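The residues making up each chain are set out below.
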Amino acid sequence: MCEDYLGCRYPQPSYLLVWLCYISSQFQLSHCTFYAVTLLFQIHGNALLLIIILGIGGSFHCGYHITGLSSPSPYIQHFINSSWFNRYGEPPSPESATMVWSLVVSMFAVGGLFGVFSVKFFTGKLGCKRAMIGNNLISIIGAGVMLTSKWAQSFEMIIIARALFGFSAALGTSLHLMYLGEISPRQIRGSVTLTSATFLSLGKLSGQFFGLTEILGGQDMWNIVLSVPACLSLVQVLALPFLPEPPRYLFIEKRDDKACKKALQRLWGPGEYKQEMDEMLMEQLASEAAPPKSFLMLIRDRTVRWQLITMSTIFCCNQLSGMSAISIFAFDIFVKAGIPKENVRYVTLGLGLSEIVTSLVSGLLIEYSGRRPLLWGGYGFMSLIWVLVTITLNLKDTYYWISYLSAALIFLFFVFFCGGPGAATGTLNNELFTQSNRLAAFALVGFLRWFMFAMQGLIFPFIIKTFGSYCFTLFALTSLLGSLYAFFILPETKGKTLLEISAEFKTISVCWKFWSKKETKETQL
């Protein structure tokens, strides 16, 4: 199998390649998996530096702000109560305090909604590179508002800062993915774009790490721990101007083939890159023949209706399966489970580590099992876990070890989500839509993701207050719905072209029409 890759144009780490050949033969890795692993070790020079710079200013922010609010949440709620008392001379009512805290949580997602819909505007006006720089300036402004909110005794400034963080995180994550896709040659595009998910997980882990009491999680530093990503934004603002523009942007949008070739050489080393530039030319001609559809045009298109239903169902199930709630309200959930407050931060740090490990393992697993088993199996086990969590929470006062069993079940939930729906969803998002539909589909899916994220952040505090431990049964029902949909309706996309996948989804529509006609004939008889 090694001989297939020895002629590759990119620099070869020979000893590492031989070792990987041995490992692949021992564990019977597929050709695609072996190729992806070897190419990961071939990213070097300016390309590697650019990937790191993009990551720390892109999806890292989204991951950090999702988990970064969990540890300092008690101190922020205390600040809200004290600033309210200093302003009005009386403590806030429980309903008012819960509402303000819900706004602090949910405004991150509200800002994300605006960020998702501004991607096309920013890239059209500035291009990916300058849009990334401008986006990080927004993040720095948000950090300034957050840092001064404590001095100003204003919880409204926290809400504004969270909205700016959400806008920057959503816009930055989308720009990050676009930039990675435009700088990478076809042979290693999957490996390069995979780094976006890696930096997302690193951001989540960093949010949990810096929230530790021994680091920045003290009562006097909650505004600092929420502003840490701004330091990385500053690094990107200073470094990105010296790195190349995306080659595809230069060729397709600017129509400058010389600048495109020069950018490819700066990123990946000397070479003619004729194959890559020919592919860009074909893509340019295809985009001119079939211009991208708008958001409304995609919704009206019946040929992609099942694809839209599928992605909408899966993304809604992901957001309402409990994963986002754990990321945001991990402190409250583990305290509710009976874990001592002084140990909760270390438990959440373990969640971040388990997410990174599971994400790396699932990259190999998805090539063997396909997408459907990861989805219906993952959702099914997640539903069962939430039922067990509900039972253990109601029994936590009977035995001391029940609390730790609840925490172990939540860890297990993380494993099944990150190794199941979390791993398969991103792949499906790129496989279900052709080039002309993809931008509009990403906008729709991004809207659903951030809208559900905002609603969950706003409503979940009231749900957990009203239903107590039984609130997790709602997550169980949603996960069960996702499992049934993936098992009975979703076709397998592994190893198929985009046209073959589209044909599979058209079969779903035809099947439905066939049964409708059959029922109509039986009624007439």
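Above this text sits the structure in question.
Keep in mind it's a predicted model, so treat the numbers as computed, not measured.

(A) Up close: the overall build of the chain. Each helix and strand counted, the chain has 25 helices and zero strands in total. Summed over all atoms, the accessible surface of the chain reaches about 24,400 Å², with 69% contributed by carbon and sulfur.

(B) Structural view of the packing of helix α4 (residues 59-67) against helix α10 (residues 195-210). The interhelical angle for the contact between α4 and α10, taken along N-to-C directions, is 35 degrees, at an axis separation of 7 Å. Classified by chirality, the crossing of α10 by α4 is right-handed. Facing α4, whose interface residues are Ser59, Phe60, Cys62, Gly63, Tyr64, Ile66 and Thr67, α10 presents Ser196, Phe199, Leu200, Leu202, Gly203, Lys204, Ser206, Gly207, Gln208 and Phe210. Its residues assigned to classes, the contact of α4 with α10 shows eight nonpolar, eight polar and one charged.

(C) Representation of the nonpolar core within the structure. Among the nonpolar cores identified, the biggest contains 43 residues, and Phe334, Leu375, Trp386, Val389 and Phe413 are the most heavily contacted of them. When neighbours within four sequence positions are excluded, phenylalanine 413 is seen to be in contact with Ser321, Gly322, Met323, Ile326, Met382, Ile385 and Trp386. Judged by nonpolar contacts, the second largest core, of 37 residues, contains Tyr64, Ile80, Phe165 and Val228.

(D) Seen up close, the side chain of serine 227. Tracing the chain through its elements places serine 227 in the loop between α11 (222-225) and α12 (229-239). According to the relative accessible area criterion, serine 227 is buried, its value standing at 6%. Here asparagine 223 takes part through its backbone oxygen, which lies 2.8 Å from a polar atom of the side chain of serine 227. Filtering out sequence-adjacent residues up to four positions away, serine 227 remains in contact with Ala143, Met146 and Leu147.

(E) How the structure looks around helix α8 (residues 155-183). Under the 1.5 Å per step criterion, the end-to-end length of α8 is 41 Å for 29 residues, consistent within 8% with the ideal 42 Å. The element α8 is largely enclosed, with a buried count of 22 among its 29 residues.

(F) Structural view of a nonpolar patch on the surface. A surface patch of nonpolar side chains, amounting to about 560 Å² of accessible area, comprises Trp376, Leu480, Leu484, Phe487, Phe488 and Ile489. With four residues, helix α24 (residues 472-488) is the single largest residue contributor to the nonpolar patch. Structurally, isoleucine 489 is set in the loop between α24 and α25 (498-524).

(G) Region of the structure containing the packing of aromatic side chains. Taken as a whole and judged by the stated rule, the model has 17 aromatic pairs. Between tryptophan 84 and phenylalanine 155, the ring centres sit 6.0 Å apart and the planes meet at 15 degrees, which makes this aromatic pair stacked. Of this pair, tryptophan 84 sits in helix α5 (residues 73-88) while phenylalanine 155 sits in helix α8, placing them 71 residues apart in sequence. An identical accessibility class is assigned to tryptophan 84 and phenylalanine 155; each is buried. Ring centres of tryptophan 386 and phenylalanine 475 lie 5.5 Å apart, and the angle between their planes is 50 degrees; on these two criteria the pair is classed as tilted. Separated by 89 residues along the polypeptide, tryptophan 386 in helix α20 (residues 371-394) and phenylalanine 475 in helix α24 bring together distant segments of the chain. In terms of burial, tryptophan 386 and phenylalanine 475 fall into one category: buried. Grouped by ring-pair contacts, the aromatic residues Trp386, Phe413, Phe417, Phe472 and Phe475 constitute a single cluster. A cation over a ring is seen here: arginine 372 above phenylalanine 487, with NZ or CZ 5.9 Å from the ring centre.

Cut-off values and rules
- Residues numbered from 1 in each chain as written.
- Predicted model: local features only at pLDDT ≥ 70, side-chain atom pairs only at ≥ 80, totals over all residues.
- Heavy atoms only, no water.
- Helix = DSSP H or I, 4+ residues; strand = E, 2+ residues; numbered from the N terminus.
- Areas by Shrake-Rupley, 256 points an atom, 1.4 Å probe, with all protein chains shown as cover.
- Axes fitted to C-alpha atoms, helices over the stretch in contact; angles between N-to-C directions.
- Left-handed = near helix turned anticlockwise from the far one by under 90°.
- Contact = heavy atoms within 4.5 Å.
- Nonpolar A, V, L, I, M, F, W, Y, C, P; charged D, E, K, R; others polar.
- Core = buried A, V, L, I, M, F, W, Y, C linked by side-chain atoms within 4.5 Å.
- Buried < 20%, exposed > 50% of the residue type's maximum accessible area, 1.4 Å probe, protein only.
- Polar contact = N/O pair within 3.5 Å; in protein donor to acceptor, adjacent residues only side chain to side chain.
- Expected span 1.5 Å × (residues − 1).
- Patch = residues over 30% accessible without salt bridge, like charges linked within 9 Å, V, L, I, M, F, W, Y side chains within 5 Å.
- Salt bridge = Lys/Arg side-chain N within 4 Å of Asp/Glu carboxyl O.
- Phe/Tyr/Trp six-rings, centres within 6.5 Å; stacked < 30°, edge-to-face > 60°.
- Lys NZ or Arg CZ within 6 Å of the ring centre and 35° of its normal.

In short, shape yes, function no, at least from these values alone.
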